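# Summary of structural features
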Amino acid sequence: MPSMIHVSAPGKLMLLGEHAVVHGRPCLVTAVDSRLHMTLTRSGDDRFTLDAPDVGAHGVTGRLADAFRDGRALTHGTRFIESALRVFAEQIGLEGGVAIATRSDFSSQLGLGSSSATVACALFGLARLQDVELAPQRLFDLGLETIRRVQGTASGFDLAAAIFGGTLVYENAASRRIEPLGAPGLPLIAAYSGIKADTATYVQRVNARLAAHPAAMEHIFEAMRALVIAGRDALIQCDWARLGELLDMGHGLVHALGVDIPQTAALVFAARAAGAFGAKLSGAGGGDCVIALAGEDRRAEVERALEAAGGTLLRVAPNAPGVRVETESTP
Ligand code: MEV
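Residues numbered from 1 in each chain as written. Predicted model: local features only at pLDDT ≥ 70, side-chain atom pairs only at ≥ 80, totals over all residues. Heavy atoms only, no water.

## Considering the overall build of the chain
If you tally the helices and strands in the chain, you get 9 helices and 12 strands. A compact globule built from 331 residues should have a C-alpha radius of gyration of about 20 Å, and the chain, at 20 Å, falls within 12% of that. Here the C-alpha coordinates of the chain stretch approximately 60 × 45 × 35 Å along the principal axes. By sequence separation, contacts in the chain at least 24 residues apart represent 74% of the contacts at least 6 residues apart. Counting only carbon and sulfur atoms, one obtains 52% of the accessible surface of the chain, whose full area is about 13100 Å². Side-chain charges in the chain split into 30 positive and 35 negative, and the spacing between the mean points of these groups amounts to 3 Å. (Helix = DSSP H or I, 4+ residues; strand = E, 2+ residues; numbered from the N terminus. Rg over C-alpha atoms; globule rule 2.2 N^0.38 Å. Contact = heavy atoms within 4.5 Å. Areas by Shrake-Rupley, 256 points an atom, 1.4 Å probe, with all protein chains shown as cover. Lys, Arg positive; Asp, Glu negative; His and termini not counted. Charge placed at Lys NZ, Arg CZ, Asp CG, Glu CD.)

So this is what it looks like as structure tokens:
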């Protein structure tokens, strides 16, 4: 059994279907090559120690029995790791103490899915530290349980990206669907709007609009489903012009949900004016990131336009591999 293990998991960007996925429709998501890194070291006692500087946690330590006890974490920044420790202890069994340290290639402000990548790393790393083989589907189930104990309604699409990697159709309906798609060469550009969005707030806003206008909102969600189905085909055929047009329509629909803001709209229009195949906001809305697709001949121009409109380019490539071991050492 290893005494120390270094694992990593990718961030993600939503291509199509945000919010609708919370309401049982499919979405399209790609894992990106900015990764969350985690080192797990056995400690041989009954304690955990957590260092997660990106979320302000430095040397947080407690007894394993106190991790996420009664649904409460020792600090806000450690709640996802503590929840993972509790779920792992309950469902697999923890064989002693552990020190966990994280480092991220990307800021948790960007909305790239750092919480899900953290959960994927924690559960996968704990299993590997104890030589337990967890099938990806089982890892996903444990991860979703971990996240839901912290934040209630999560669709799990970002966890699927963190575990399975690549580009996926994800649907969390009566039967769950996680369908890997080949999408080689997806010409993705991403930019941060400069505004940190609070996902829970925007999920609630969409819920409020759904309660006020159920028939119209169900139609929007169904239109989003149609875009995801068409987007899947366009991805498989590497038809970027067609996928771009679908992204444009997707942006119109998230605007109709009420989660677009002037800053994301400005970036989307700037990318289109500079010759992108298409552009949209990506994620919960209220800020975070926008994505665009552009051919090689337009890429530099679209990137310049996004920066001129106030965006910060994210140098991320799509289709990144899922959670994995980087290195391990045995005593
Ligand atoms: C947030 O990135 C995407 C949402 O669909 C929430 C979720 O799927 O959990 C708004």
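## What about helix α7 (residues 240–257)?
Counted at 1.5 Å a residue, the expected span for α7 with its 18 residues is 26 Å, and the 25 Å between its end C-alpha atoms agrees. Those residues of α7 lying buried are W240, L243, G244, L246, L247, G250, H251, L253, V254 and L257. G258 occupies a position one or two residues after α7 and carries a positive phi of about 95°. (Expected span 1.5 Å × (residues − 1). Buried < 20%, exposed > 50% of the residue type's maximum accessible area, 1.4 Å probe, protein only.)

## A word on the nonpolar core
Among the nonpolar cores identified, the biggest contains 60 residues, and L13, L235, L243, V302 and L306 are the most heavily contacted of them. Sorting elements by how many residues they give to this core places helix α6 (residues 214–236) first, with 9 residues. Both domains that meet at this core, namely domain 1 (4–182 + 319–329) and domain 2 (188–314), each give it at least three residues. Other than its neighbours up to four places away in sequence, L306 contacts I189, A191, L267, A271, V290, G311 and L313. (Core = buried A, V, L, I, M, F, W, Y, C linked by side-chain atoms within 4.5 Å. Domains from an automatic or database assignment.)

## A look at a negative patch on the surface
A cluster of acidic side chains, namely E95, D131, E133 and E328, defines a negative patch on the protein surface. Along the chain, the position of E133 falls in the loop between α2 (114–129) and α3 (136–151). Overall, the relative accessible area of 69% leaves E133 in the exposed class. (Patch = residues over 30% accessible without salt bridge, like charges linked within 9 Å, V, L, I, M, F, W, Y side chains within 5 Å. Salt bridge = Lys/Arg side-chain N within 4 Å of Asp/Glu carboxyl O.)

## Focus on the side chain of T30
Residue position: T30 is located in strand β2 (residues 27–42). Among the polar contacts listed, one links the side chain of T30 to the backbone nitrogen of N319, at a separation of 3.0 Å. Residue contacts for T30: discarding those within four places in its chain leaves G11, K12, L13, L15, G166, T167, L188, P318 and N319. (Polar contact = N/O pair within 3.5 Å; in protein donor to acceptor, adjacent residues only side chain to side chain.)

## Describing empty space enclosed by the protein
Left-over empty space is what a probe sized like a water molecule reveals as it rolls over the atoms. Tallied over the full model, the rule gives 1 cavity of 30 Å³ or more. Of the pockets and cavities examined, the largest cavity occupies roughly 60 Å³. Lining of the largest cavity is provided by R42, L94, E95, G96, G97, V98, L126, L129 and Q130. Here the lining of the largest cavity is built from residues that sort into 4 nonpolar, 3 polar and 2 charged. (1 Å grid on protein atoms, 1.4 Å probe; cavity = no way out; pocket = protein on both sides within 12 Å on 5 of 7 lines; lining within 4 Å. Points joined across faces, edges and corners; volume = space filled by probe spheres on them. Nonpolar A, V, L, I, M, F, W, Y, C, P; charged D, E, K, R; others polar.)

## Comments concerning the site of the ligand
Around the ligand sit K12, E18, H19, V21, V22, A154, S155, F157, T199, V203, G283 and A284, and those are all the residues in its vicinity. A distance of 2.9 Å separates an oxygen atom of the ligand from a polar atom in the backbone of H19. Contact between the ligand and S155: an oxygen atom at 2.6 Å from a side-chain N or O atom of the residue. For the ligand, whose unbound accessible area comes to 300 Å², protein coverage reaches 93%. (Near = heavy atom within 4 Å.)

## Brief notes about the sheet that holds strand β11 (residues 312–314)
Taken in spatial order, the 4 strands make up an open sheet running β9-β10-β8-β11, and their pairing is antiparallel. Across the chains shown, the open sheet's two edge strands, defined by having one partner strand only, are β9 (278–282) and β11. Taking the axes of each pair of neighbouring strands and ignoring which way they run, one obtains an average angle of 30° across the sheet. Looking at chain direction, strand β8 (residues 188–192) and strand β10 (residues 289–293) are connected through 5 bridges and run antiparallel. Across the sheet, the residue bridging to A191 is V290, located in β10. Those strands touched by α7 are β9 and β10, and its axis lies near 45° from that of β9. Along the sheet, helix α9 (residues 296–308) contacts β8, β10 and β11; its crossing angle with β8, the most-contacted strand, is approximately 10°. (Pairing = 2+ DSSP bridges. Axes fitted to C-alpha atoms, helices over the stretch in contact; angles between N-to-C directions.)

## What about the domain arrangement of the chain?
In terms of domain boundaries, the chain breaks down into domain 1 (4–182 + 319–329) and domain 2 (188–314). Look at where the C-alpha atoms of domain 1 and domain 2 centre, and you get two points 26 Å apart. Contacts between domain 1 and domain 2 engage 27 residues on the former and 36 residues on the latter. A per-residue breakdown of the area domain 1 buries against domain 2 is headed by L16, H19 and R25, which together make up 26% of the total. One can count 5 salt bridges joining domain 1 with domain 2. Its salt-bridge partner being E222, residue R25 comes within 2.9 Å of it at the nearest N-O pair. Linking domain 1 with domain 2 are 9 residue pairs in polar contact (both at pLDDT 80 or more), by the criterion used here. Looking at the side of domain 1 that touches domain 2, the elements with two or more residues in it are β1 (4–16), β2, β6 (167–172) and β7 (176–181). The element that contributes the greatest number of residues to the side of domain 1 that touches domain 2 is β1, accounting for 4 residues. Partitioning the side of domain 1 that touches domain 2 into residue classes produces 12 nonpolar, 10 polar and 5 charged. (Buried area = accessible area lost by both parts, 1.4 Å probe.)

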